[in-house]
Amino acid sequence: MFFYGIHGIEPLYALMGTGCETVTRIQTKDTDLVSGVWKDGRVGTYRGIRSNRAEFGAIAFGSKAIVQAGREGGYEELCREVGRFFKTKKPPVTPDETIEIFAFMEAADESKRQGGAPVSLKDVLTKARAAAASRLQ
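Residues numbered from 1 in each chain as written. Predicted model: local features only at pLDDT ≥ 70, side-chain atom pairs only at ≥ 80, totals over all residues. Heavy atoms only, no water.

### Things to note about the side chain of Thr31
- As for its placement among the helices and strands, Thr31 is situated in strand β2 (residues 31–38).
- When sequence neighbours within four positions are dropped, the list of residues in contact with Thr31 reads Ile26, Arg47, Gly48 and Arg50. (Helix = DSSP H or I, 4+ residues; strand = E, 2+ residues; numbered from the N terminus. Contact = heavy atoms within 4.5 Å.)

### Focus on helix α1 (residues 6–16)
- Turning to α1, its buried residues number three or more, namely Ile6, Ile9, Leu12, Tyr13 and Met16. For α1, the buried positions fall inside an angular range of 115° around the axis, keeping them on one side. Set apart from the buried face of α1 by more than 90 degrees, the exposed residues are His7 and Ala14.
- Elements in contact with the buried residues of α1: β1 (20–27), β2, β3 (43–49), α3 (95–113) and α4 (121–136).
- Downstream of α1 by one or two residues, Gly17 has phi in the positive range, about 75°. (Buried < 20%, exposed > 50% of the residue type's maximum accessible area, 1.4 Å probe, protein only. Arc of directions from axis to C-beta.)

### With respect to the sheet that holds strand β6 (residues 119–120)
- Spatially, the 4 strands line up as an open sheet ordered β3-β2-β1-β6, and their pairing is antiparallel. Each end of this open sheet is capped by a strand with a single partner; those strands are β3 and β6.
- Relative to β3, α1 is tilted by about 160°, and along the sheet it contacts β1, β2 and β3. (Pairing = 2+ DSSP bridges. Axes fitted to C-alpha atoms, helices over the stretch in contact; angles between N-to-C directions.)

### Re the pattern of salt bridges
- One pass over the structure, following the stated rule, counts 11 salt bridges.
- The partner of Asp40 in a salt bridge is Arg42, with the nearest N and O atoms 2.8 Å apart.
- The closest approach of N and O atoms between Glu81 and Arg84, which form a salt bridge, is 2.4 Å. With Glu81 and Arg84 both in helix α2 (residues 74–88) and 3 residues apart, this pair spans about one turn of that helix. (Salt bridge = Lys/Arg side-chain N within 4 Å of Asp/Glu carboxyl O.)

So, to be careful, I would describe these as geometric facts and stop short of saying anything about function.
And the structure:
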C-alpha cells in the first residue's frame, strides 16, 4: 500500500474526504481490493492490479449518477501544487487527512495480515500514538 497503493488511495480520499472508520483488504497474486466504510455509510474502494498494463482512474457511484473521473491533474498539477506550497507555506492536504490516509493504508495491511478481517482506523491510530509516546519516554 505504501509504495504503489498511495497513488490510488490519494484520489480515493480526494473523492471521499476524511471519516473512514473501517478497512478491509483482500489480496490475490495479481490484485488488491481495499474497501473502506466511512462514518456516514459511504463505501470507497481501491483496486490495485499488479500484472497487465492498466491505466489509473476513478469512478464515483452517487445517488444521482455514476461518473468516471477525468484525466486532469497528473504530474503537471502535482508540480503546481508543490510550487503553491513553497510560495504560500499552506499544504494542499490537511495534516489530519494525511494521517488518516496513512492509517487507511496501515489498516489495509493489518486486514491483509488478519486474512481480510475489517480493521478499525481508530484502533490503528491508537496503536500508533502509543508506539510514538513510548519512543518519547
